[in-house]
Amino acid sequence: LSDMYASWLYSNWEAIRANSKRLVYNILPGNYDDFVQGESENVMIVIDNLGWRYVDVLKAFFENAGFNLVKKKSYVSMLPSNTEISKKCLLAGVPTYNEIDNSQYVSIVEKGWVPFFKDSAFQYISDLKKLENTPDVVEHQTYVVNYLPIDSALHKKEKELGVPHDEHIKMLLSYLVKSITGFIERHNLQDDITIHVTSDHGSTRIPESLLNGIDTKDVKKFGLTEVTHRYAALEPEQFSALPDNLREDCFFLAREIFGNELDYICARRGNRFVPTEGSQYVHGGLSPEETIVPYLQFRKLKASVQHLTILLKQATYRYRLETVEFEIANPNDYPVEDVIVEVVNSNVQSEPYRLDWLQGKKKTSASMQMRFKKVGHKGDTENLRFMVLYTCNGKQHQTEEIRLPITMKAMFEMKDSSIFDDWD
């Protein structure tokens, strides 16, 4: 499955880069309105090597600090999925590495966005200690914070950390949230700030026992440079000179197509150019874990929760198996998740409808298969009765019973019996 995804990404890269709005270089321009709304400030945390596996952990820490998740999107890293290329494209907002004029993060962030965001000032902060030592007066609308400890931890073996990776990373994320919320409280920005969290790439763990199609002992023979677990650089025209098995077990990232300064080869499937240990995480390839990263927004929420609403797309049904189409609307400014819609009529058989996520002020179309029976009390033939359960701001909620009027008809209805008159 991983290789199917990687092959699709590789084969369609030029079209994806040209047309999709979900590559990491789109994050800043694609969420422009959220960065410039009103007089509010922003903290954008770029967590190097943050994969989706830690999103729920981060969400729980922010919720405990009083900030709730209001937006959640997936983005795809640049290729190869390494820090140098993907993070610089993310921070610069450009689709190819070759287009980046400045090599330093501070120049990319503080100078590169001045025309696009007009008067909105950006400040690049290289680590949390510098954020904690910012002046008492907030001078910038957006603080872009680079956070490297997650990446450093994932590159280490478990025995080097002394604890499992997940436990160590929970500790790092806890400290991150404490530091960010401390900065916000120090400057009294609780009600006027949006916290943006994203990443440049993710990583995957490849067990030592997994078959490796690349002979790691022979890698140096072929003149590869920048050799890492999942990618290596090549001199021009060198790919055609590689042995057949190496070309088969790698993707070739030509510089003229992928917009990098060098040609690269990325290992396919579980292949790697350097031996791995079971507890290590590696990146640079095209697998989902290495390339799909989260973009999250957190805000301090003030309003009480309003219940979700349901609207039927039609109101007439027959006593049989029917597809009932409806809309679910979220009237809140913030999202809800883990939505379960159940029908409680005694004369209707159906499975609950489930929805993972519904953005604030949005609605979505849905449908349920329902079998209507000629049983039950009159109220069940005149109304469809729903119960909706959902989670909002980290708490579970349940609507009161939602009654929507319906009309039930028999399986067959004849307007005129004369069609039977000539029958013997």
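Note that the coordinates shown come from a computational prediction; the quantities given were computed from them, not determined experimentally.

Q: Summarise the layout of surface pockets; cite the residues concerned and give the values.
A: Here the largest pocket defines a volume of roughly 230 Å³. Those elements giving two or more residues to the lining of the largest pocket turn out to be strand E5 (193-198) and strand E9 (292-300). Within the lining of the largest pocket, the residues separate by chemical class into five nonpolar, four polar and six charged. Roughly 180 Å³ of volume is contained in the second largest pocket. If you trace the second largest pocket, you find 14 residues lining it, with Gly51, Trp52, Arg53, Ser203 and Glu289 closest to the centre. Residues that form the lining of the second largest pocket fall into these classes: six nonpolar, five polar and three charged.

Q: Just give me the short version of the packing of helix H6 (residues 83-92) against helix H7 (residues 105-112), but keep the residues and values in it.
A: Between H6 and H7, whose axes approach to 9 Å, the crossing angle comes to 15°. As far as their axial angle goes, H7 and H6 are roughly parallel. As for how H6 packs across H7, the hand of that crossing is right-handed. Of the residues in H7, those touching H6 at Thr83, Lys87, Lys88, Leu91 and Ala92 are Tyr105, Ile108 and Val109. The residue makeup of the contact of H6 with H7, split by class, is five nonpolar, one polar and two charged.

Q: Can you break down the sheet that holds strand E1 (residues 41-47) residue by residue, with the values?
A: Pairing is mixed in the open sheet, where six strands are placed in the order E2-E9-E5-E1-E4-E3. A single partner strand is all that each edge strand has here, and the edge strands are strand E2 (67-76) and strand E3 (122-125). Mean inter-strand twist for the sheet, computed between neighbouring axes without regard to direction, equals 15°. One ladder, built from six bridges, connects E1 with E5; its direction is parallel. The partner of isoleucine 45 across the bridge, within E5, is valine 197. Across the face of the sheet, helix H5 (residues 55-64) comes into contact with E1, E2, E5 and E9 while running at roughly 10° to E9.

Rules used in this analysis
- Residues numbered from 1 in each chain as written.
- Predicted model: local features only at pLDDT ≥ 70, side-chain atom pairs only at ≥ 80, totals over all residues.
- Heavy atoms only, no water.
- 1 Å grid on protein atoms, 1.4 Å probe; cavity = no way out; pocket = protein on both sides within 12 Å on 5 of 7 lines; lining within 4 Å.
- Points joined across faces, edges and corners; volume = space filled by probe spheres on them.
- Helix = DSSP H or I, 4+ residues; strand = E, 2+ residues; numbered from the N terminus.
- Nonpolar A, V, L, I, M, F, W, Y, C, P; charged D, E, K, R; others polar.
- Axes fitted to C-alpha atoms, helices over the stretch in contact; angles between N-to-C directions.
- Parallel < 35°, antiparallel > 145°, perpendicular 65-115°, else oblique.
- Left-handed = near helix turned anticlockwise from the far one by under 90°.
- Contact = heavy atoms within 4.5 Å.
- Pairing = 2+ DSSP bridges.

The analysis is restricted to geometry; functional conclusions fall outside its scope.
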